[in-house]
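# Coordinates in review
The residues making up each chain are set out below.
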Amino acid sequence: MSAEASEERVAIDARVTGRVQGVGFRWWTCDEAEALGLAGWVRNEPDGSVRAHLEGPRRAVEAMVAALHRGPSAARVASVEVTPASPSPEPGHGVRILR
């Protein structure tokens, strides 16, 4: 078994603030997360932030958190708040845009 296959599966909830709506942030998040093999969802919040639930191998989740601090080129990320979450009992595939 490869190291990645045996790596601990983790989940996070992230809230990203700044200029993150209307700049393709949700689509970019889906593309980046899927390239890392993560599952979850992303959505716009009424307060102008973007919230995401992401899960997968610990190193991939950590890489995604680092990417969220950068965001797509048109975004201006002010902060990324990350809280641990519970991984789904049946992990899905891919990242969905909820709204």
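Cut-off values and rules
Residues numbered from 1 in each chain as written. Predicted model: local features only at pLDDT ≥ 70, side-chain atom pairs only at ≥ 80, totals over all residues. Heavy atoms only, no water. Pairing = 2+ DSSP bridges. Helix = DSSP H or I, 4+ residues; strand = E, 2+ residues; numbered from the N terminus. Axes fitted to C-alpha atoms, helices over the stretch in contact; angles between N-to-C directions. Contact = heavy atoms within 4.5 Å. Parallel < 35°, antiparallel > 145°, perpendicular 65-115°, else oblique. Left-handed = near helix turned anticlockwise from the far one by under 90°. Polar contact = N/O pair within 3.5 Å; in protein donor to acceptor, adjacent residues only side chain to side chain. UniProt positions renumbered as here; feature names shortened; annotations may be inferred. Buried < 20%, exposed > 50% of the residue type's maximum accessible area, 1.4 Å probe, protein only.

## Re the sheet that holds strand E1 (residues 9-19)
Ordered by their spatial adjacency, 5 strands build an open sheet running E4-E1-E3-E2-E5, and the pairing between neighbours is mixed. In the strand order of this sheet, the two ends are held by strand E4 (76-85) and strand E5 (94-97), each with one partner. Sheet twist, expressed as the average angle between the axes of neighbouring strands with direction ignored, equals 20 degrees. Sheet topology places E1 next to E4; 9 bridges connect them, and they run antiparallel. Looking at E4, one finds that Val 16 is bridged to Val 80. Packed onto the sheet, helix H2 (residues 25-35) meets E1, strand E2 (39-44), strand E3 (50-57), E4 and E5 and runs at close to 170 degrees relative to E5. Sitting on the sheet, helix H3 (residues 58-70) touches E1, E3 and E4, and the angle it makes with E3 is about 155 degrees.

## Focus on the packing of H2 against H3
Between H2 and H3, whose axes approach to 11 Å, the crossing angle comes to 155 degrees. Accordingly, the angle class assigned to the pair H2 and H3 is roughly antiparallel. In the packing of H2 onto H3, the handedness of the crossing is right-handed. Side by side, H2 and H3 meet where Phe 25, Trp 28, Thr 29, Glu 32 and Ala 33 of the first sit next to Met 64, Ala 67 and Leu 68 of the second.

## Digging into the side chain of Asn 44
Here Asn 44 lies in strand E2. Within the structure, Asn 44 has its side chain in polar contact with the side chain of Arg 26 (distance 3.5 Å). Once you skip the residues sitting within four places of it in the chain, Asn 44 turns out to touch Gln 21, Arg 26, Ser 49, Val 50 and Arg 99.

## Overview of the UniProt feature "active site" (unreviewed entry) in the protein chain
Residues annotated by UniProt as "active site" (unreviewed entry) correspond here to Arg 26 and Asn 44. On the basis of their most widely separated C-alpha atoms, the annotated residues across 19 residues gather in one place, lying no more than 7.7 Å apart. Relative to the helices and strands, Arg 26 resides in helix H2. Overall, the relative accessible area of 14% leaves Arg 26 in the buried class. Setting aside chain neighbours within four positions, we find Arg 26 in contact with Val 42, Arg 43, Asn 44, Val 50, Ile 97 and Arg 99. Look at Asn 44 and you get buried, because its relative accessible area is 16%.

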